[in-house]
There are 2 protein chains.
Amino acid sequence: MSTRLEVWAPDGVPEVVAGDDLAALVLDSLRGDHGLADGDVLCVTSKVVSKAEGRVRAGDRDAAVEEETVRVVARRGPVTIVRNRLGLTMAAAGVDASNVATGSVVLLPLDPDASARALRHEVHRRTGANVGVVVTDTSGRAWREGQTDIAIGAAGLLVAEDFAGRTDPHGNALAVTLPAVADEIAGAAELAQGKLGGRPVAVVRGRADLVLPPGEDGPGARSLVRPDGGDLFGWGAREAVVRALTGDDADRAPFGAPAVAHELHSAVGRVVGAGQALSSALLLTFDDDPDRVVLHLPGDADHAAVAAVCFAHGWRIRGWERAGDDVVCGVSPATT
Amino acid sequence: MSTRLEVWAPDGVPEVVAGDDLAALVLDSLRGDHGLADGDVLCVTSKVVSKAEGRVRAGDRDAAVEEETVRVVARRGPVTIVRNRLGLTMAAAGVDASNVATGSVVLLPLDPDASARALRHEVHRRTGANVGVVVTDTSGRAWREGQTDIAIGAAGLLVAEDFAGRTDPHGNALAVTLPAVADEIAGAAELAQGKLGGRPVAVVRGRADLVLPPGEDGPGARSLVRPDGGDLFGWGAREAVVRALTGDDADRAPFGAPAVAHELHSAVGRVVGAGQALSSALLLTFDDDPDRVVLHLPGDADHAAVAAVCFAHGWRIRGWERAGDDVVCGVSPATT
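It should be emphasised that the depicted structure is a prediction, and the values quoted were computed from it without experimental measurement.

Lay out the overall build of chain A with the relevant residues and their values.
Across its full length, chain A holds eight helices and 14 strands. Against the globule reference of 20 Å for 336 residues, chain A gives a C-alpha radius of gyration of 25 Å, more extended than a compact globule. In terms of overall dimensions, chain A has a C-alpha envelope of 85 × 55 × 30 Å along the principal axes. Relative to its 336 residues, chain A shows a buried fraction of 57%. When contacts within chain A are restricted to residue pairs at least 6 apart in sequence, those whose partners lie at least 24 apart make up 65%. Just so you have it, chain A exposes about 13,000 Å², and 52% of that area is on carbon and sulfur atoms. Here chain A carries 33 positive and 47 negative side-chain charges, and the mean point of each set is 3 Å from the other.

This is the structure:
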């Protein structure tokens, strides 16, 4: 006995242009194969969705990238990693110049979850099949070479399996286990599609347990996007340094919610103590306000350095005062 | 016509213990199914590989994490992201306490590429089948919720499809397209295996084009690991700030190779000019040494801030000098 998946990617999908009936093209391409059945997951590349929705621009790629960018996360040489208006952190904001007429660029769909919902509903209306839909895109990632396809839109699908409260066969809690199955489905689709065969459609059969009943579209792929500031890597390493030292309030959010006081304390200690943590006696908390902390610092502590560390940890400096040979610095969480 | 993949994950794999003949267990589990054929990719979770190799420790998870850690990349509250001795950037260094007897932890295999090679050779010797092998592990990622399975070991497999020099059907170059197919295969395997069914083995059939001839094991999954410093996210955002301000030489590498001079210049300008770039007239390059640059700075520029920006950009400060109301600061790449 075994669990079994099948994944197939049909040939013969014609070039898609603005205004095309995507559901008709997809269903045509799958005719003669198994067709679609309840519980299948239908995957389409964001590129054909974008083309059908008219998200193609002539000419300037840089202008298109800027249009899609919410903020630049990291830049080095020719590489620009941005967070785009979908919350996706990607090179070039997901704007792509491959598999499109030379001189044109393709932007991501305006709302890929909505695109997925529309396709799911049309497939159901025309065939009666209750399928999940994933809109895929190709994305690099931190720390690893190459790209994988991920889910940027989804409908009718549990995009992540939540094991919170479940236990493995040994009785261990699986508290933090949250397989991002929509991304794994997108990757499996890419394996069948390839990049050069003109196969933008794929079907994954065998995980009907992830497909929601008709009328339930689920949280969408947007729910796989970590909120800005919910991540430890909201800025590239160099950008983090520059932003913290610049200290613009607009740059705070990607550093995340305020650190707990002892984390701030140990970070400040590392910087002003040339690598040595301050003694905990040097950290005082106001009795009447646990969110106000006073840092006792050596008199020669660099104010810009302390301010940058506080900024990066989500704290705000309230004031400096001399205290004998030392300096005291009052700080509080930036949210208060 | 379509391209087609099949993925299956057999039930009935017994609990694996140190010294077990992994190839025998895997082949037994696949008997009665399709068996294995030339061009299949055999996937096994790192957990059973580790168990067979005796990489299980009783007791303290923190000690095991420390044993596997090369450096801490980011830490916040209970979350610790480290780069481990395999070069993998992962929570808890990849040390896992699930699917193992309570009170024990499983470390990653010592050399998962070698484990994959051994399994590939044993399968070939016992069955004659030329299969690729992937050792999988479950990993979180930056910017996205949840985890996917990735390839941490591989043998006999093209782990990435390289399209450099290839063109799409429109004639556009696919220069940077490098699908990390080994990771997509690992994800597809996870979809069939699930986390609770005790199915550590999976077979992916349909991408025989990725499987290398007998005797060729290929670059392994290690080749998917970006070298330390080859990435824009070598430190968590907060850690980057603290490390740059501390200025320990040991912390340089994860920031990457020295930035080009104009990137350094614009970063310094942003910090000392309160967000305004320095005029380019303020950047002077020594005629006799293009790697030595002199920064003309306002007299009140904060030295610690300038030093931190230089550090994060891979440059080293050679000296400070007064020049009227200004300060000049000589810098050169840290590698020279």
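Run through the sheet that holds strand 5 (residues 79-84) of chain B, naming residues and quoting values.
Residues and elements named next belong to chain B. A sheet is described by the order of its strands in space; here three strands give the open sequence 4-5-6, paired in antiparallel fashion. If you trace the sheet from one side to the other, it starts and ends with strand 4 (69-76) and strand 6 (89-91), each paired once. Taking each pair of neighbouring strands and ignoring which way they run, the sheet shows an average axis angle of 30°. With three bridges joining them, strand 5 and strand 6 adopt antiparallel strand pairing. The residue of strand 6 that forms the bridge with Ile81 is Ala91. Helix 3 (residues 61-68) rests against strand 4 and strand 5 of the sheet, and its axis sits at about 120° to strand 4.

Tell me about the packing of helix 6 (residues 237-246) of chain B against helix 8 (residues 303-312) of chain B, and please be specific about residues and values.
Residues and elements named next belong to chain B. At a minimum axis separation of 8 Å, helix 6 and helix 8 run at an interaxial angle of 110°. By the angle between their axes, helix 6 is roughly perpendicular relative to helix 8. Classified by chirality, the crossing of helix 8 by helix 6 is right-handed. Contacts between helix 6 and helix 8 pair Arg243, Ala244 and Leu245 from the former with Ala304, Ala308, Phe311 and Ala312 from the latter.

Which residues make up the packing of aromatic side chains, and what values do they have?
For the coordinates displayed, the defined rule picks out six aromatic pairs over all chains. Relative to Phe233 of chain B, the ring of Trp143 of chain B has its centre 4.8 Å away and its plane inclined at 75°; by these criteria the two rings are edge-to-face. Taken as a pair, Trp143 of chain B in the loop between strand 8 (132-141) and strand 9 (144-155) and Phe233 of chain B in the loop between strand 10 (201-205) and helix 6 lie far apart in primary sequence, 90 residues in all. A single burial state applies to Trp143 of chain B and to Phe233 of chain B, both of which are buried. An aromatic cluster of at least three residues, connected via ring pairs, comprises Trp235, Phe255 and Phe311 of chain A. Over the face of the ring belonging to Trp235 of chain A we find Arg71 of chain A, whose NZ or CZ atom lies 4.5 Å from the ring centre.

With reference to specific residues and values, describe the environment of Glu67 of chain A.
Residue and element names in this part refer to chain A. Along the chain, Glu67 turns up in helix 3 (residues 61-68). Sequence-wise, Glu67 and Met90 are 23 residues apart; in three dimensions their C-alpha atoms are separated by 14 Å. Separated by 3.3 Å, the side chains of Glu67 and Arg57 make a polar contact.

Outline the sheet that holds strand 6 (residues 89-91) of chain A, listing residues and values.
Residue and element names in this part refer to chain A. An order of 4-5-6 is seen for the three strands of this open sheet, with the pairing classed as antiparallel. Each having just a single partner strand, strand 4 (69-76) and strand 6 make up the two edges of the open sheet. For this sheet, the mean inter-axis angle between neighbouring strands, taken without regard to orientation, is 30°. Pairing of strand 4 with strand 5 (residues 79-84) involves six bridges; the strand directions are antiparallel. Across the sheet, residue Arg76 finds its bridge partner in strand 5, namely Val79. The strands that helix 3 touches are strand 4 and strand 5; relative to strand 4, the one it contacts most, it runs at about 120°.

So what's going on with the relation of the copies chain B and chain A? Residues and values would help.
The two copies are related by a screw motion: chain B maps onto chain A through a turn of 180° and a shift of 0.0 Å along the axis, at an RMSD of 0.1 Å. Read as a symmetry element, the transformation amounts to a two-fold axis. A shared interface surface links the copies, since 100% of the contact residues of chain B are contact residues in chain A too.

Could you give me a rundown of the pattern of salt bridges, with the residues and numbers involved?
Taken as a whole and assessed by the stated rule, the structure comprises 50 salt bridges over all chains. The partner of Asp251 of chain A in a salt bridge is Arg243 of chain A, with the nearest N and O atoms 3.2 Å apart. Both residues of the pair, Asp251 of chain A and Arg243 of chain A, belong to the buried class. A salt bridge links Arg126 of chain B to Glu122 of chain B; the shortest N-O distance between them is 2.9 Å. With Arg126 of chain B and Glu122 of chain B both in helix 4 (residues 112-127), this residue pair falls four residues apart, about one helical turn.

Run through the pairing of strand 8 (residues 132-141) of chain A, naming residues and quoting values.
All names here are of chain A. Among the ten residues that make up strand 8, eight are buried, leaving the element largely enclosed by the rest of the structure. As defined by bridge partners, strand 2 (residues 41-45) adjoins strand 8 across five bridges and the pair is classed as parallel. Each residue of the ladder has a partner; that of Thr45, found in strand 8, is Thr136. As paired elements, strand 8 and strand 9 (residues 144-155) share eight bridges and run antiparallel to each other. From the neighbouring strand, Val134 faces strand 9, where its bridge partner is Ala154. Hairpin connection between strand 8 and strand 9: a loop of two residues separates the two successive antiparallel strands, and Trp143 in this loop has a positive phi of roughly 75°.

What counts and how
Residues numbered from 1 in each chain as written. Chains lettered and ligands numbered in written order. Predicted model: local features only at pLDDT ≥ 70, side-chain atom pairs only at ≥ 80, totals over all residues. Heavy atoms only, no water. Helix = DSSP H or I, 4+ residues; strand = E, 2+ residues; numbered from the N terminus. Rg over C-alpha atoms; globule rule 2.2 N^0.38 Å. Buried < 20%, exposed > 50% of the residue type's maximum accessible area, 1.4 Å probe, protein only. Contact = heavy atoms within 4.5 Å. Areas by Shrake-Rupley, 256 points an atom, 1.4 Å probe, with all protein chains shown as cover. Lys, Arg positive; Asp, Glu negative; His and termini not counted. Charge placed at Lys NZ, Arg CZ, Asp CG, Glu CD. Pairing = 2+ DSSP bridges. Axes fitted to C-alpha atoms, helices over the stretch in contact; angles between N-to-C directions. Parallel < 35°, antiparallel > 145°, perpendicular 65-115°, else oblique. Left-handed = near helix turned anticlockwise from the far one by under 90°. Phe/Tyr/Trp six-rings, centres within 6.5 Å; stacked < 30°, edge-to-face > 60°. Lys NZ or Arg CZ within 6 Å of the ring centre and 35° of its normal. Polar contact = N/O pair within 3.5 Å; in protein donor to acceptor, adjacent residues only side chain to side chain. Least-squares fit on C-alpha atoms with pLDDT ≥ 70 in both. Salt bridge = Lys/Arg side-chain N within 4 Å of Asp/Glu carboxyl O.

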